[in-house]
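# Overview (structure and organization)
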Amino acid sequence: MTEGQGATSPATNSFALSATLIERDALRQTPAGVPLLRGCLEHFSQQIENGAPREVRFETDFVLLGDLARLLAQAPLGTSLIAQGFMAARSAKSRQGVMHITSIEFVTSGS
Amino acid sequence: MPQVTESINTPLPGLESTAANPPARLLQVALPRPLPALFDYDASGLPAVEPGQRVRVPFGRSELWGIAWGWRDGSDLDPSRIRPLVGCDDSQPPLPGNWRALVEFVADYYQQPIGEVAAMAAPPAISATRAERAHRRFRATAAGHAAAPSLPARDVGRKLIAALDAAGELNEAELRALSSRAGPALERLLAEGWVELALPQAPAETAHTLTADQAAALEALQADSGFAASLLHGVTGSGKTEVYLRLIEDQIAAGRQSLLLVPEIALTPQLHARVAARFPRASLHVMHSEMSDGARAMAWAAAQSGEADILLGTRLAVFAPLPRLGCIVLDEEHDPSFRQTEGVRYSARDVAIWRARHENVPIVLGSATPSLESLRHAIDGRYRWLRLNARAGEAKLPEVHLVDTRVFRATDGFSQPMVRAIESRLARGEQTLLFINRRGYAPVLSCPACGWAAGCTQCTANLVLHAADRRLRCHHCGAEGPVPHACPKCGNQDIQGYGRGTQRLEETLASRFPQARLLRIDRDSVRGREHWQEQLDRIRRGEVDLVVGTQLLAKGHDFPGITLVGVIGADASLHAADFRAQERLFAQLMQVGGRAGRGDSAGEVLIQTAQPEHPLFAALKAHDFDGFARSQLEERALLGLPPHGFQLMLSADAPELQPALDFLEAARRAAQALQVEGVQVYDVVPMRMVRRANRERAQLVVESRSRPQLRALLRPWIANLYRLRLARGLRWHVDVDPVEV
């Protein structure tokens, strides 16, 4: 789709998150037959805020399309991963953000 | 009219009329042109031509096939402008006077161009002989066995008899494959009585014992001689068909023909099987619009020659000539399919009644839920009202229960009580029919991110998602295309189907009841008539547990194993704008509910609705058709709507709306100028679905409480409309007694 708002200043919408897979729906297909997976990721980390460390914990719903969806559909709950993607509204009715994952790196446990 | 090349008689040379004198023989011809007139031609050159024959005429700079209608003494035309016939087709017998009278009635009553009515009502323009014979099956007779050894060894007839002896029975195509001279040989064998037509060997289905109601109805009907119209009003499963069969039996015994009309092609195989089993030696022919021209020509020839004892068909069969006609039976008389809403607009039910009167034979209209039009005639005593109030045999009417979906929320279309009811049937090994009157997966494909919905580019309508083959289809104009990979507006790939149709229900059932054997029946799942018959047989043999189906399944079928009928999504029809919507919904639910419990076990109908308090449901629960009909009739009387009022609808369509509106405005002024009292001319309005197949449409309704007054307006009005100037690409149609306004 469109790369950004204009040629001079491409809009930025880029998220990267280390997270744990905590929920996942059954894999389904879009009407055109593309695999699609929805679920929820939980993030936990230490971050520096205004010069001081703090704990950060949150959950976000995600959407994942294509071969990656098929891959993640087989991953057990609790899998650790680093997800990259962008945020978009859940629907035209709900402006709440949902993470659309465009790439996944699985993290071996223990690291 | 299709092209015909065979046997055209051309005029004798030297007999063409001279321009100065009026022709000696003036023939009126019905031509398939959208004009309300017959055309005059000079028939002097074809002395043998007679009314009812197909004739070839010059028309403008080309030639057309038409039907010779009648002789005229004089013409309004300048004699020099009357052109001679080009030829006539005498390969088929002329269409009889009764047929022409019927066409004239339709042309006049419905104000449709007579040539177009004639073209629609005429048989396919091909010779029936070859088609007729391909289907016939033969077997050798005892005389044939005896005679064969005395025939020369190389005789084709001997070869055919030997082949028939070996195979038992063969059809003509198989026999012709044996020898290039098989045709004449077969004729000879038939003439000698050495070979005969192989009629079905199955023993005749024995007549059922009649219930008291059936016996009473039959007795009344058997007393008819000459025209009489009866409404056979029998609850579902009450054995209306048995009454029809008894009547037909009488006709066969008396050497008369029966015309049996059904609303849908889908219903013909079952009835056909039943009639054929009952009357194995009778000549039974089927006629409907999906048959090949050849097959239809064969049925037509059998009807017209008097060979057919029984003609079973859909609405177009009402026009088939039957020289020995003894009675007309029209089943499911309330069904809107008897109304043709495209091309020539007519109601086969009403045409059948006119025909019965014209040919002075009795007619029986059968239904569990008669149309309010017919019911009113029955109440007023114009039709004899025959009731069958009990189901035949042991079967009782099913219990009707409602599921309030405000209390029991439906997930994926199914409420908890519905799921439990299905489970209990599955546990008992009984069948369930789930009825939803929408085919496809979902009626709307939309993008949840931006709100885009897939619309038809040619119609004011959404495209329907068909998940099985990933296509979008317009159920109005037939346009289709692949499901887009992503939303064309915002690029979101997760576009979704909203609402549900048969395919989605099937998918949900498959995931909820993985052990159940599932069958979906709708227009998409049924591939051809044989496949359809096979599907029905699978249900009857108990090879499926759950059936998802549309109204295709609702009518007339007998499935003894179904004990539960679940109705999904009936509410949409409760508030449709058409004043007949409730009448139709009631009939449909009563019909589909009537599929439950026709066997030994009691049936149940479960209807999911958010409006269980609606009076329609109360009447349905009580099987109170009369109460429902009475309240509808009162309402219609109050509003002056049919059957307490009469309507005409003039519609116009064009590539753009404005010319259609302008034409109808002009038509409206023309109607008002006629100043017929007691007639209300409504405003011109765009149709609810304005755009269809790239044409924008508007309509104008004219109404009156008096049919004579409405008709007083109709003829001069329509005649005036033919004089109006038409914008480019504009078409208009008049609908007399429209079923949908």
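Quick look at the structure, then. Each residue is numbered by its place in its chain's sequence as written, counting from 1. As they are written, the chains are lettered A onward and the ligands numbered 1 onward, keeping that order. Local features in this predicted model are restricted to residues of pLDDT 70 or higher, and side-chain atom pairs are both shown and tallied only at a pLDDT of 80 or more, whereas totals for entire chains, interfaces and linings draw on every residue. For the side-chain quantities, the full set of heavy atoms in the structure was used; hydrogens and water were omitted.

## Details of the packing of helix α9 (residues 240-253) of chain B against helix α10 (residues 268-278) of chain B
Residues and elements named next belong to chain B.
- With axes taken as lines fitted to C-alpha atoms, and helix axes fitted only over the stretch in contact, angles between N-to-C directions fall between 0 and 180 degrees. Counting from the N terminus, the helices are DSSP H or I runs at least four residues long and the strands are E runs at least two residues long. Packing of α9 against α10 leaves a shortest axis separation of 11 Å and a crossing angle of 45 degrees. In terms of their interaxial angle, α9 and α10 are classed as oblique. Judged by the twist between their axes, the crossing of α9 over α10 is right-handed. Residue-level contacts link T241, E242, L245 and R246 of α9 to L271, R274, V275 and R278 of α10.
- Under this grouping Gly is polar, as are all residues other than the nonpolar Ala, Val, Leu, Ile, Met, Phe, Trp, Tyr, Cys and Pro and the charged Asp, Glu, Lys and Arg. Class assignment for the residues of the contact of α9 with α10 results in 3 nonpolar, 1 polar and 4 charged. When describing relative orientation, an angle under 35 degrees is termed roughly parallel and one over 145 degrees roughly antiparallel, while 65 to 115 degrees is termed roughly perpendicular and anything else oblique. With the far helix as reference, a near helix turned anticlockwise by less than a right angle produces a left-handed crossing, and one turned clockwise produces a right-handed crossing. Here, two residues are considered to be in contact whenever any of their heavy atoms come within 4.5 Å of each other.

## Observations regarding the side chain of B:R425
Residues and elements named next belong to chain B.
- Within the secondary structure, R425 sits in helix α14 (residues 416-428).
- We call a residue buried when its accessible area falls under 20% of the maximum for its residue type, exposed when it is over 50%, and partly exposed in between, using a 1.4 Å probe and counting protein chains only. Note on R425: relative accessible area 6%, which makes it buried.
- Polar side-chain contacts of R425 include one of 3.1 Å to the side chain of S424.
- Under this definition, polar contacts are N or O atom pairs within 3.5 Å; protein pairs additionally need one hydrogen-donor-capable and one acceptor-capable atom, and for neighbouring residues in sequence, both atoms have to be side-chain atoms. One polar contact links R425 to E604, side chain to side chain, over a distance of 2.8 Å.
- Each residue touching R425, except ones within four places of it in the same chain, is listed here: E430, T432, T563, L564 and E604.

## Topic: the sheet that holds strand β29 (residues 604-609) of chain B
Residue and element names in this part refer to chain B.
- In space, the 6 strands of this open sheet follow the order β19-β29-β28-β20-β27-β26, with parallel pairing throughout. Each edge of the open sheet is held by one strand with a lone partner, namely β19 (399-404) and β26 (518-521). Each neighbouring strand pair of the sheet contributes to a mean axis angle of 20 degrees, computed without reference to strand direction.
- A pair of strands is considered paired only if DSSP assigns at least 2 bridges between the two. As defined by bridge partners, β26 adjoins strand β27 (residues 546-549) across 4 bridges and the pair is classed as parallel. What sits directly across from L518, in β27, is L546.
- Seen against the sheet, helix α16 (residues 528-540) touches β20 (431-435), β26, β27 and β28 (562-567) and runs at an angle of roughly 140 degrees to β26.

## Looking at the interface of chain B and chain A
- Counting residues at the interface gives 16 residues for chain B and 14 residues for chain A.
- Note on definitions: buried area is the accessible-area loss of two parts on being combined, 1.4 Å probe, summed for both. Roughly 1,100 Å² of surface becomes buried between chain B and chain A when both sides are summed, with 57% attributable to carbon and sulfur atoms.
- Three residues stand out in chain B for area buried against chain A, namely B:R470, B:Q493 and B:D494, and they jointly supply 45% of the buried area on that side.
- Put simply, a salt bridge is a Lys or Arg side-chain nitrogen that is within 4 Å of an Asp or Glu carboxyl oxygen. Taken together, chain B and chain A are joined by 2 salt bridges.
- Note that B:D494 and A:R38 form a salt bridge whose closest N and O atoms lie 2.5 Å from each other.
- Inspection of the region where chain B meets chain A yields 5 residue pairs in polar contact (both at pLDDT 80 or more).
- Taken together, the residues of the side of chain B that touches chain A break down into 9 nonpolar, 5 polar and 2 charged.

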